[in-house]
Amino acid sequence: MKTSILLIGGLFSSVCAFGAVEIPLVEDGKAVCEIAVSDRRSETVAYAADELARWIGEITGAAVPRRVYCTCRERCNEDAFGDVKTRIYLETPALKGPFRADALALARTDGFAVRTVVTNGVSEIRILGATDRGILNGVYSFLEENTDIIWPRPEPALSAIFTKTATLAATKTDYREIPKSKERYWGWGWHTPGVAETEFESRNRGNAMKVDANKYAASVIKAGKGHGFPSYTNPKENFEKHPEWYSLINGKRSSFQVCFLAYDAIPEILKNVTNEIEAVFRTLPRNRRRIDYFNLSNPDSWMVCQCPRCQAPFTCEDGKTVVQPDDPAFRSAQSYTMKNKIARELKRIYRGAVDIGEYAYYYTTEPPPFALETNFRVQYCPYGEDMKKPISDDVANGNWHRLLDAWGTCCRKVNYRSYAGCGQTFPRPIEYTYRSNLVYCLTRKFPVREFYQDADLDIVEKPHPEFKIGWDCWGMQLWLMQRLWWDPTVDLEELRERYCRRAYHAAWEPMLRYQNILRDSFYADNYPSMYNSVDSRAYMLQYVKRPGLMPKVYECLKEALAKKRDPMKHLAARHDYFAEHGCVLSDYGITEIPEGRLADYLVECMKLDARAGWVSQLHFNCIRNPNSRMFAKLGPDTGYDIIGEAGGVGRLAKLFDRLEKEDLLPKTIVYSLNPSDCAALGSLIGAFQKGPTVGKLQLGSAWWFNDHWAGMRQQLEALAELGCLGNF
């Protein structure tokens, strides 16, 4: 549940060299600032302006105007600006001008700077980025540095936590941040990420989002198929025509895997790969037509071709290097030779605009005894590392350490892919060793500046109910690891405290003690912790029960629970106040019927209504303020709301059922703004009618856009045909 923002300290001296001051943004719920973007703004910069206005509005309740200024020499719309105290510009710094130093420092990165000048009495905050992604990163940093907002996890009901305030001022407006890394992104295990995962990634400085790459200005553009290399041979058409292209496994040819010596299959592979590349390019602006990682990785298996040619000593392309079958690099050399040939052709066709990618995984973990093409990117996958120990620890992770260093000798584009985020149901504090690994990657002879990590979606699905349990248990660790990608040299203890303060508010101290107890116990022994060590019972036994820490852990959680701010407690008090003054009805205006924790809160509110004998009204399926330009200009409730999509009746039925099980379903009137819901709602209320109240549940009158002859007739006919019109 959102709870919103407090100002934090800091401050700045501006380009004009004035001292520490507070720059007003909102005063008593009214915006005294506006956001300015160029008429040449990109989709991403427009989105960044929307995000900045959105979160300031969420925090303060104010509608922050967005202005578009003309960049022509005549400055034909200078009067477009409003009369405000503060103007926030989102822009790229010029090499000639007061922000030259920032322009040079930020070049070729998605870092950002925040600067302030005063012009004609107006404070001008400049959020600067050399790239669109940098500007978007700067917006999120500006919000974090001047409020207590945190985006702790993808789940919509918990995606942002902050403290509401009617007055907001910026106090840190002179700083610059440049990431230590180049690429930072998640691999959302087994599922395609949605908007929630993408926004979590974006707001926490990720830069390779898979969803809507243009909008989020993904710095890394990806294509291809994970573990799908054989599909580019088009086995449906070619398996019978060219069985020699495919692996001989246990005496039979199998389209599951390609024979790495089947070089005559390369033209077919190139044809299918280039078709897919062209399709991707058509979705991208001309200035972004590149692919940083076209995934041509082998199947997720140890199975390889067993034909006589593939089991004979392998001669590399130089004609001199021969790899014997018992060499760890034998199969790796075969696979990378074939992929090198493909990379070479793609480099010729696209002039370096397309990099192919492979997982250094299973039999391709060992580097080949030759250099890979310059448009070849490898994801190093240390799937067997002990995550309790740094990868540089040669006792625990000697082989994985050797392999990481060896990759630097044959490939200059290496990505460190960790499995630290997979399927956990116990809060393992592996952010400490993960931080050590990132620092090692950045400081080795051939630095690795690309970081990728597998994690589970923040959802509940029947095959994988442990996903949400994992986020509930160790969401802090996942958040910390993402933030460490940006700069692993930060003080980790301060970062942990920052998370607890912002995510838990009044309960932050006992929650931090709880995390520290588990951390100290976890690192007290040398018992390995692998990516697939997911049995929470074993962890509980090893690190909580056996050391006798259960009482301490329980006391921390009990204290945190006592300190938490229970919104229902305060709402119940307000409910009683209104009841004392004669109120008999609650009206819930909701965009759509909620799920998850928001549904829990609605259920609790309706229980209060039932106990007090009140009526609950539910108005839903309305989309508010879809026209962001007019919302910025005029604010809410000015004629720009629209009818929402039909649906939600199934979720409403579950909500009613929860209340009915406890005999706490109040008298209820339901209104959907979408007329398509009329019949479904008419049948729904019939399923939950209950005496002695006649017409306990009602289909509400035609509402808003439906408040006309046809709409009223439709509502009455649905009620008459599906229920009892006489009880309306």
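Computed from a predicted structure; not experimentally measured.

(A) Local environment of the overall build of the chain. In terms of regular secondary structure, the chain is built from 21 helices and 26 strands. Taken over C-alpha atoms, the radius of gyration comes to 29 Å for the chain, in line with the 27 Å a tight globule of 728 residues would show. Seen along its three principal axes, the alpha-carbon backbone of the chain occupies a region of about 95 × 65 × 60 Å. Here the analysis covers contacts within the chain between residues at least 6 apart in sequence; of these, 73% occur between residues at least 24 apart. Surface summary for the chain: the accessible area is close to 32,600 Å², and the carbon and sulfur share equals 53%. Charged side chains of the chain number 94 positive and 91 negative; the gap between the two group centres comes to 3 Å.

(B) The arrangement of the pairing of strand E21 (residues 585–589) in detail. Burial of E21 is one-sided: the residues Ser 586 and Tyr 588 facing one way are buried, the residues Leu 585, Asp 587 and Gly 589 facing the other way are not. Pairing between E21 and strand E22 (residues 615–620): 5 bridges, direction parallel. Bridge pairing links Ser 586 to Ser 616 in E22. In terms of handedness, the path from E21 via helix H17 (residues 596–612) over to E22 forms a crossover that is right-handed.

(C) Here's a closer look at the sheet that holds strand E14 (residues 291–295). Overall, parallel pairing links the 7 strands, which are arranged E10-E20-E19-E18-E17-E14-E11 in an open sheet. Of all the strands in the sheet, just strand E10 (183–188) and strand E11 (222–224) have a single pairing partner and so form its edges. Between one strand and the next, the sheet's axes are offset by a mean angle of 30°, whatever the strand orientation.

(D) Region of interest: the pattern of salt bridges. Within the structure shown, the criterion is met by 53 salt bridges. Residue Asp 641 pairs with Arg 624 through a salt bridge whose shortest N-O separation is 2.9 Å. Of this pair, Asp 641 sits in the loop between helix H18 (628–634) and strand E24 (642–643) while Arg 624 sits in the loop between strand E23 (622–623) and H18, and the two are 17 residues apart along the sequence. You can call Arg 624 partly exposed: its relative accessible area is 42%. By sharing partners, the salt bridges in this structure join Glu 51, Arg 54, Glu 58, Glu 199 and Arg 203 into a single network.

(E) A look at the environment of Tyr 440. Counting through the fold element by element, Tyr 440 comes out in helix H10 (residues 431–443). Spatially, the C-alpha atom of Tyr 440 lies 8.9 Å from that of Pro 390, the residues being 50 residues apart in sequence. Apart from the residues lying within four places of it in its own chain, the contact partners of Tyr 440 are Ile 391, Ser 392, His 401, Leu 404 and Asp 405. A polar atom in the side chain of Tyr 440 sits 2.8 Å from the side chain of Asp 405.

(F) Quick look at the side chain of Glu 385. Mapping Glu 385 onto the fold places it in the loop between strand E18 (376–380) and helix H9 (394–407). Buried and without a salt bridge, Glu 385 has Arg 428 as its closest oppositely charged side chain, separated by 9.1 Å. If near-sequence neighbours (up to four positions away) are discounted, Glu 385 is found in contact with Ile 391, Asn 397, Trp 400, Tyr 416, Ser 418, Asn 437, Ser 529 and Met 530.

(G) Region of interest: the packing of helix H13 (residues 508–522) against helix H15 (residues 550–563). Where H13 contacts H15, the two axes come as close as 8 Å, and the packing angle between them is 160°. With respect to H15, the element H13 is oriented roughly antiparallel. When the axes of H13 and H15 are compared, the crossing they make is left-handed. In this structure, H13 uses Glu 509, Pro 510, Met 511, Arg 513, Tyr 514, Ile 517 and Leu 518 to contact H15, whose residues at the interface are Lys 552, Val 553, Cys 556, Leu 557, Glu 559, Ala 560 and Lys 563.

(H) Spatial organisation of the nonpolar core. Core analysis: the largest hydrophobic core is formed by 110 residues, its most contacted members being Ile 277, Phe 294, Leu 346, Tyr 380, Trp 407 and Tyr 416. Ranked by residues supplied to this core, first place goes to helix H11 (residues 466–486) with 9 residues. Sequence-distant contacts of Tyr 416, defined by excluding residues within four places in its chain, comprise Tyr 380, Pro 382, Glu 385, Ile 391, Tyr 434, Asn 437, Leu 438, Cys 441, Val 448, Glu 450, Phe 451 and Tyr 452.

(I) Representation of helix H1 (residues 43–60) in the model. A rise of 1.5 Å per residue sets the reference length of H1, with its 18 residues, at 26 Å; its end C-alpha atoms lie 26 Å apart and thus fit the reference within 8%. For H1, the buried fraction is high: 13 of the 18 residues fall into the buried class. Remark: Gly 61 follows H1 within two positions and exhibits a positive phi of approximately 80°.

(J) Spatial organisation of the layout of surface pockets. Within this model, the second largest pocket holds a volume of roughly 1,400 Å³. Among the secondary structure elements, those contributing two or more residues to the lining of the second largest pocket are H11, helix H12 (492–504), H13, helix H14 (536–545), H15, helix H16 (567–580) and H17. Taken together, the residues of the lining of the second largest pocket break down into 29 nonpolar, 6 polar and 6 charged.

(K) Representation of the packing of aromatic side chains within the structure. In the structure shown here, the tally under the stated rule is 34 aromatic pairs. Between the aromatic rings of Tyr 69 and Tyr 89, the centroid separation amounts to 5.6 Å while the plane-to-plane angle is 65°, which identifies the pairing as edge-to-face. Remark: Tyr 89 occurs in strand E5 (residues 86–91) and Tyr 69 occurs in strand E4 (residues 66–69); sequence separation between them is 20 residues. What makes Tyr 69 buried here is its relative accessible area of 14%. Exposure remark for Tyr 89: the relative accessible area of 7% places this residue in the buried category. Arranged with centres 5.8 Å apart and planes meeting at 55°, the rings of Tyr 336 and Phe 376 form a pair that is tilted. Placement of the pair is Tyr 336 in helix H8 (residues 330–350) and Phe 376 in strand E18, with a sequence separation of 40 residues. In this structure, Tyr 336 and Phe 376 share a single accessibility class: buried. Directly above the aromatic system of Tyr 175 lies the positively charged group of Lys 172, at a separation of 4.8 Å from the ring centroid. Over the aromatic face of Tyr 577 sits the side chain of Arg 574, whose NZ or CZ is 4.7 Å from the ring centroid.

(L) Local environment of the environment of Trp 474. Tracing the backbone shows Trp 474 in helix H11. Accessibility expressed as a relative area gives 1% for Trp 474, which makes it buried. Residues Trp 474 and Arg 428, spaced 46 residues apart in sequence, show a C-alpha to C-alpha distance of 7.2 Å. When neighbours within four sequence positions are excluded, Trp 474 is seen to be in contact with Ala 420, Gly 421, Gln 424, Phe 426, Pro 427, Arg 428, Ile 430 and Met 481.

(M) Looking closely at the pairing of E18. Most of E18 is tucked away: 5 of the 5 residues are buried. In E18, alternate side chains face the same way, and those of Phe 376, Val 378 and Tyr 380 on one face and Arg 377 and Gln 379 on the other are all buried. In this structure, E18 lies alongside strand E19 (residues 414–421), joined through 3 bridges in parallel fashion. For Tyr 380, the partnering residue across the bridge sits in E19 and is Tyr 416.

(N) Representation of empty space enclosed by the protein in the model. Inspection of every chain in the model, using the stated rule, returns 4 cavities of 30 Å³ or more. Of the volumes computed, that of the largest cavity is approximately 140 Å³. Around the largest cavity sit 17 residues that line it, and Ser 672, Cys 678, Gly 700, Asn 706 and Gln 715 are the ones nearest its centre. Residue assignment for the lining of the largest cavity shows that the elements contributing at least two residues are strand E25 (667–672), helix H20 (678–687) and helix H21 (709–722).

(O) Looking closely at H8. Its 21 residues place the ends of H8 30 Å apart at the C-alpha level, agreeing with the 30 Å of an ideal helix rising 1.5 Å per residue. Burial analysis of H8 places 15 of its 21 residues in the buried class, which makes it a mostly covered element. The positive-phi residue at the C-terminal boundary of H8 is Arg 351, with phi of around 55°.

(P) Layout of the side chain of Glu 431. Residue placement: Glu 431 occurs in helix H10. Filtering out sequence-adjacent residues up to four positions away, Glu 431 remains in contact with Met 476, Gln 477, Leu 480, Met 481, Leu 484, Leu 492 and Arg 496.

Scoring rules and cut-offs
- Residues numbered from 1 in each chain as written.
- Predicted model: local features only at pLDDT ≥ 70, side-chain atom pairs only at ≥ 80, totals over all residues.
- Heavy atoms only, no water.
- Helix = DSSP H or I, 4+ residues; strand = E, 2+ residues; numbered from the N terminus.
- Rg over C-alpha atoms; globule rule 2.2 N^0.38 Å.
- Contact = heavy atoms within 4.5 Å.
- Areas by Shrake-Rupley, 256 points an atom, 1.4 Å probe, with all protein chains shown as cover.
- Lys, Arg positive; Asp, Glu negative; His and termini not counted.
- Charge placed at Lys NZ, Arg CZ, Asp CG, Glu CD.
- Buried < 20%, exposed > 50% of the residue type's maximum accessible area, 1.4 Å probe, protein only.
- Pairing = 2+ DSSP bridges.
- Right-handed = clockwise from strand over helix to strand, strands pointing away.
- Axes fitted to C-alpha atoms, helices over the stretch in contact; angles between N-to-C directions.
- Salt bridge = Lys/Arg side-chain N within 4 Å of Asp/Glu carboxyl O.
- Polar contact = N/O pair within 3.5 Å; in protein donor to acceptor, adjacent residues only side chain to side chain.
- Parallel < 35°, antiparallel > 145°, perpendicular 65-115°, else oblique.
- Left-handed = near helix turned anticlockwise from the far one by under 90°.
- Core = buried A, V, L, I, M, F, W, Y, C linked by side-chain atoms within 4.5 Å.
- Expected span 1.5 Å × (residues − 1).
- 1 Å grid on protein atoms, 1.4 Å probe; cavity = no way out; pocket = protein on both sides within 12 Å on 5 of 7 lines; lining within 4 Å.
- Points joined across faces, edges and corners; volume = space filled by probe spheres on them.
- Nonpolar A, V, L, I, M, F, W, Y, C, P; charged D, E, K, R; others polar.
- Phe/Tyr/Trp six-rings, centres within 6.5 Å; stacked < 30°, edge-to-face > 60°.
- Lys NZ or Arg CZ within 6 Å of the ring centre and 35° of its normal.

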